Amino acid sequence: FLPNPYYLEALRPKTGNDPEIQQFVLKAPEANIFLDKLEDMINFLIPNYVKEGKTNLVIAIGCTGGKHRSVTLARELYSRLSGNTKYGFRLEHRDAQKDRLVRKQEG
């Protein structure tokens, strides 16, 4: 639901770890509204998971290619949540460094 930097040639090779991608994704008002809602939900869920005796909560954010929008949103969410030292947080980007399919050269 957010603009995709993949379709801009200059941004395509970058990932959500690059400031240019972060700025592009986060300038959409919907991105920050989504993050606010997600942060609120997670702040509600964590203590309830703990109360139930759960020790892990996996939060996965995905996008079409897995290297622009989802990485940016995960980084921002991690930044917002990791200030709470009562719980441990870990950030992992599974697909951020995956190469795009490359056509075999005919020859």
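Details of the structure are given in the entry above.
Residues numbered from 1 in each chain as written. Predicted model: local features only at pLDDT ≥ 70, side-chain atom pairs only at ≥ 80, totals over all residues. Heavy atoms only, no water.

### Notes on the overall build of the protein chain
1) Next: Within the protein chain, the secondary structure is distributed over three helices and zero strands.
2) Next: Beginning at the N terminus, the succession of helices and strands in the protein chain can be written as α-α-α.
3) Next: Expressed as a percentage of the 107 residues in the protein chain, the buried residues total 27%.
4) Next: For the protein chain, the proportion of contacts with a sequence separation of at least 24, taken over those separated by at least 6, is 62%.
5) Next: Summing over all exposed atoms, the protein chain offers an accessible surface of approximately 8000 Å²; the carbon and sulfur share of this is 50%. (Helix = DSSP H or I, 4+ residues; strand = E, 2+ residues; numbered from the N terminus. Buried < 20%, exposed > 50% of the residue type's maximum accessible area, 1.4 Å probe, protein only. Contact = heavy atoms within 4.5 Å. Areas by Shrake-Rupley, 256 points an atom, 1.4 Å probe, with all protein chains shown as cover.)

### Observations regarding the packing of aromatic side chains
1) Next: Considering all chains together, one arrives at two aromatic pairs under this definition.
2) Next: With a centroid separation of 5.4 Å and an interplanar angle of 65°, the aromatic rings of F1 and F34 are classed as edge-to-face. Here the residue F1 occupies a position in the segment before α1 (19-26), and F34 occupies one in helix α2 (residues 29-51), the gap between them amounting to 33 residues.
3) Next: Ring plane angle 85° and centroid distance 5.3 Å describe the contact between Y6 and Y7, whose orientation is recorded as edge-to-face.
4) Next: Exposure remark for Y6: the relative accessible area of 25% places this residue in the partly exposed category.
5) Next: Just above the ring of Y6 sits the side chain of R12; from NZ or CZ to the centre is 4.3 Å. (Phe/Tyr/Trp six-rings, centres within 6.5 Å; stacked < 30°, edge-to-face > 60°. Lys NZ or Arg CZ within 6 Å of the ring centre and 35° of its normal.)

### Concerning the nonpolar core
What tends to happen in soluble globular proteins is that the nonpolar side chains get buried as a cluster.
1) Next: One finds L2, V25, A31, I42, L73 and L77 to be the most contacted residues of the largest nonpolar core, which totals 14 residues.
2) Next: Listing elements by their share of this core, those giving two or more residues are α1, α2 and α3 (69-81).
3) Next: At five residues, the largest contribution of residues to this core is made by α2.
4) Next: Filtering out sequence-adjacent residues up to four positions away, A31 remains in contact with L2, V25, L26 and L73. (Core = buried A, V, L, I, M, F, W, Y, C linked by side-chain atoms within 4.5 Å.)

### Quick notes on the packing of α2 against α3
1) Next: The interhelical angle for the contact between α2 and α3, taken along N-to-C directions, is 50°, at an axis separation of 10 Å. On the basis of the axis angle, α2 is oblique to α3. For α2 against α3, the interelement crossing comes out right-handed. Here α2 contributes A31, N32, F34, L35, D36, L38, E39, I42 and N43 to the contact with α3, which in turn contributes L73, E76, L77, R80 and L81.
2) Next: For the contact of α2 with α3, a count of residues per class yields eight nonpolar, two polar and four charged. (Axes fitted to C-alpha atoms, helices over the stretch in contact; angles between N-to-C directions. Parallel < 35°, antiparallel > 145°, perpendicular 65-115°, else oblique. Left-handed = near helix turned anticlockwise from the far one by under 90°. Nonpolar A, V, L, I, M, F, W, Y, C, P; charged D, E, K, R; others polar.)

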